[in-house]
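Chain residues, written in single-letter form:
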Amino acid sequence: MRHWATGVAVITTQSPRGPHGMTVNSLLSVSLDPPTVLISLKRGSRTEGVIERTGRFTVNVLTAGQHALADRFTRRRAFGEEEFAGVAHRPSPGGGGPELAGSAAVFSCAVTRRIEVGDHTLVVAEATDVRAEPTGGVDGPLVYAGRRYRTLTEGDPAPETVPERSAGTL
């Protein structure tokens, strides 16, 4: 899957022990009406457990300038304000986890369905509150591919011209 490029987000939750966050690249838009998203969480993870108990979470879509923030939430940490020390954030008015400053978009979500597949749980949720920066963030989205963070503004060489092929072939 390292050849598949994805966006990067931090999922935040609010437990009785305090806020918690986890970086994901398994975020999918499922429906526009109602606005619905899907995230994939490792079964038994702390984030999966809190979301199962609370039924709520917040999606913070990261911008290209937030790769250090993405790295921060990939490591195991204690729950609570200590985990968010030094990270600009505010409580989510939608009742999920903290909203991270500088995110390109923030979705407050309420779980509508859980589906167990292999060692993961697919969590389907309705976005009950959506806020987005009009420009999508100053630096554009943060992207993950080839086991590293990338941006859409990198000076990648122009793609090669793909020769025409007959219908039904790649």
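Residues numbered from 1 in each chain as written. Predicted model: local features only at pLDDT ≥ 70, side-chain atom pairs only at ≥ 80, totals over all residues. Heavy atoms only, no water.

## Quick look at the sheet that holds strand E11 (residues 142-145)
In plain terms, the rule: What makes two strands pair is DSSP finding at least two bridges between them. Secondary structure follows DSSP: runs of H or I at least 4 residues long count as helices, runs of E at least 2 residues long count as strands, and numbering of each begins at the N terminus.
Strands sit in the order E1-E11-E12 across an open sheet of three strands; the sheet is antiparallel. Looking at which strands have only one partner, the edges of the open sheet turn out to be strand E1 (6-7) and strand E12 (148-151). Of the pairings in the sheet, the one linking E11 to E12 comprises four bridges and is antiparallel in character. Bridge pairing in E12 places Leu142 opposite Thr151.

## Concerning the nonpolar core
The cut-off we apply is this: For our purposes a nonpolar core is just a set of buried Ala, Val, Leu, Ile, Met, Phe, Trp, Tyr and Cys residues, chained together by side-chain atoms within 4.5 Å. Exposure classes here rest on a 1.4 Å probe applied to the protein chains alone. A residue is buried below 20% of its type maximum, exposed above 50%, and partly exposed in between.
Counting residues in each nonpolar core, the largest one holds 16 residues, and the members touching the most others are Phe57 and Cys109. For this core, the secondary-structure elements that each account for two or more residues are strand E2 (9-15), strand E3 (18-24), strand E5 (35-42), strand E6 (56-61), strand E9 (105-117) and strand E10 (120-132). Counting ten residues, the second largest nonpolar core, distinct from the first, contains Val8, Leu69, Phe84 and Leu100.

## Structural notes on the pairing of E5
Within E5, six of the eight residues are buried, leaving the element largely enclosed by the surrounding structure. Pairing of strand E4 (residues 27-32) with E5 involves five bridges; the strand directions are antiparallel. Its bridge partner being in E5, Leu28 is matched across the sheet by Leu38.

## Section: the sheet that holds E3
Inclusion rule: Simply put, an axis is a line fit to the C-alpha atoms, just over the touching stretch for a helix, and the angle between two N-to-C directions goes from 0 to 180 degrees.
Reading across from one edge, E3-E2-E6-E9-E10-E5-E4 is the order of the seven strands in this open sheet, with antiparallel pairing throughout. The sheet is open, and its two borders are formed by E3 and E4, each paired with just one other strand. Across the sheet, the mean angle from the axis of one strand to that of its neighbour is 30°, orientation sign disregarded. The pairing of E2 with E6 spans four bridges and is antiparallel.

## Quick look at the packing of aromatic side chains
Operational definition: Only rings of Phe, Tyr and Trp enter the pairing, Trp through its six-membered ring, and a pair is recorded when the two centres are within 6.5 Å. The plane angle decides the type: under 30 degrees is stacked, over 60 is edge-to-face, the rest tilted.
If you walk through the whole model with that rule in mind, you get two aromatic pairs. Measuring from ring centre to ring centre gives 5.2 Å for Phe73 and Phe84, while their planes differ by 45°; the resulting arrangement is tilted. One end of the pair, Phe73, is in the loop between helix H2 (67-72) and strand E7 (89-90); the other, Phe84, is in the loop between H2 and E7, and eleven residues separate them in sequence. Under the relative-accessibility criterion, Phe73 is labelled buried at 1%. Residue classification places Phe84 among the buried positions, given a relative accessible area of 1%. Ring geometry for Tyr144 versus Tyr149: centroids 5.4 Å apart, planes at 65°, classification edge-to-face.

## Considering the environment of Glu83
Condition: Polar contact is defined as a pair of N or O atoms within 3.5 Å, subject to the rule that within protein one atom must be able to donate a hydrogen and the other to accept it, and that residues adjacent in sequence are counted only when both atoms are side-chain atoms.
If you trace the backbone, Glu83 turns up in the loop between H2 and E7. There is a polar contact of 3.2 Å between the side chain of Glu83 and the side chain of His20.

## Considerations on the confidence of the model for the chain
Condition: Scored from 0 to 100, pLDDT records how confident the predictor is in each individual residue. Two residues qualify as a contact provided that any one of their heavy atoms is within 4.5 Å of a heavy atom in the partner residue.
When pLDDT is averaged along the chain, the result is 84, and 86% of the positions lie at 70 or above. Contacts for the low-pLDDT stretch residues 156-170, under 50 throughout, to residues beyond four places or in other chains number one contact.

## What about the pattern of salt bridges?
Side-chain pairs of opposite charge can arise where the charged atoms are in close proximity. Applicable threshold: We define a salt bridge as a side-chain nitrogen of Lys or Arg found within 4 Å of a carboxyl oxygen belonging to Asp or Glu.
A full pass over the atoms with the stated rule returns seven salt bridges. Of the charged contacts, one joins Asp119 and Lys42 as a salt bridge, the two residues approaching to 3.3 Å between their closest N and O atoms. Taken together, the residues span a long stretch of sequence, with Asp119 in the loop between E9 and E10 and Lys42 in strand E5 at a distance of 77 residues. Given a relative accessible area of 42%, Asp119 falls into the partly exposed group. The partner of Asp129 in a salt bridge is Arg131, and the shortest N-O contact between them spans 2.0 Å. Assessed through its relative accessible area of 27%, Arg131 is described here as partly exposed. Residues participating in the shared-partner salt-bridge network are Arg90, Glu99, Asp129 and Arg131.

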